[in-house]
Amino acid sequence: DLDENTASSMGYTSGTTGKPKGVMNSHGNIISLVINDFIKVTDEDSFVFLSSPVFDASIFEVWMPLSYGAKLIIPLATKELIVASNKFVNFLDINNVNIIWLTKTLFNTIFINNKSAFKKIKYLLVGGEALDVDIINSLIATEDKPQYIINGYGPTESTTFSTTYLIENIVKNNSVPIGKNINNRFSYVLDKNICPVPKGVTGELYIG
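Keep in mind that what you see is a predicted model, and the values were worked out from it rather than measured.

Calculation criteria
Residues numbered from 1 in each chain as written. Predicted model: local features only at pLDDT ≥ 70, side-chain atom pairs only at ≥ 80, totals over all residues. Heavy atoms only, no water. Helix = DSSP H or I, 4+ residues; strand = E, 2+ residues; numbered from the N terminus. Rg over C-alpha atoms; globule rule 2.2 N^0.38 Å. Buried < 20%, exposed > 50% of the residue type's maximum accessible area, 1.4 Å probe, protein only. Contact = heavy atoms within 4.5 Å. Areas by Shrake-Rupley, 256 points an atom, 1.4 Å probe, with all protein chains shown as cover. Lys, Arg positive; Asp, Glu negative; His and termini not counted. Charge placed at Lys NZ, Arg CZ, Asp CG, Glu CD. Arc of directions from axis to C-beta. Salt bridge = Lys/Arg side-chain N within 4 Å of Asp/Glu carboxyl O.

Caption draft 1: Structural detail: the overall build of the chain. When its secondary structure is counted, the chain shows six helices and 11 strands. Over its C-alpha trace the chain gives a radius of gyration of 17 Å, about what one expects of a compact globule, namely 17 Å for 208 residues. Counting only C-alpha atoms, the chain reaches 55 × 50 × 35 Å along its principal axes. In the chain, which comprises 208 residues, the share counted as buried stands at 43%. Looking at the chain alone, contacts between residues at least 24 apart form 57% of all its contacts between residues at least 6 apart. Surface exposure of the chain reaches about 11,800 Å², of which carbon and sulfur atoms provide 52%. Charged side chains in the chain number 17 positive and 20 negative. The centres of these two groups are separated by 6 Å.

Encoded structure:
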């Protein structure tokens, strides 16, 4: 038997420095992401594989559908597909894709070019960096919005994301909240001495 805490795969992240670095994605992290309840997956759902196998988003895109008996659609030419928004939307429609994970940049590009791009999507998860409030609010305001819009937050070290925020209403703050921990993840705001700070006091976010 494999030890779920030591057996691993390798993902790559640019982090905040802009320099790619290898990050271990343990089997335990993968299991804790997939066996969760931030979305409800059935064998009637369809996902699409858009990321690179060495990008941590691929863990969600591949293992989530395969673990629940859902369908995974793999495009023949991903780069050509995502640069043409109408072609991309047609691809989603033809393949009945209803659950999709996108980086903020890719999401912005697709939505700006086609405001009805996600009208048949059940779960749209967006992340990778802070979301654009104006664009998110524009999506919320349209009749062609997905059934559920989720902001997924968390560094690659914690395997794909560790907190989620279901965006149901217009965001009135300057940023989209990162939400609450998914199951099996913990978040702490600590000071320079690694001690919890009082409510309302600025500190550094630690994820476990």
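Caption draft 2: Highlighting helix α4 (residues 85-94). Where α4 is concerned, the buried positions are Ser85, Phe88, Val89, Phe91 and Leu92. Buried residues in α4, looked at end-on, bunch into an arc of 155 degrees, giving them a common side. On the buried face of α4, the contacting elements are β3 (46-48), β4 (71-73), α3 (78-82), β5 (99-103) and α5 (104-113). One or two positions beyond α4, positive phi appears at Asn96, with a value near 55 degrees.

Caption draft 3: Representation of the pattern of salt bridges in the model. Summed over all chains, the structure comprises three salt bridges. Note that Lys120 and Asp93 form a salt bridge whose closest N and O atoms lie 2.6 Å from each other. Here the residue Lys120 occupies a position in the loop between α5 and β6 (123-127), and Asp93 occupies one in helix α4, the gap between them amounting to 27 residues. The class of Lys120 is exposed, set by a relative accessible area of 55%. Asp93 sits in the partly exposed class, given a relative accessible area of 36%.

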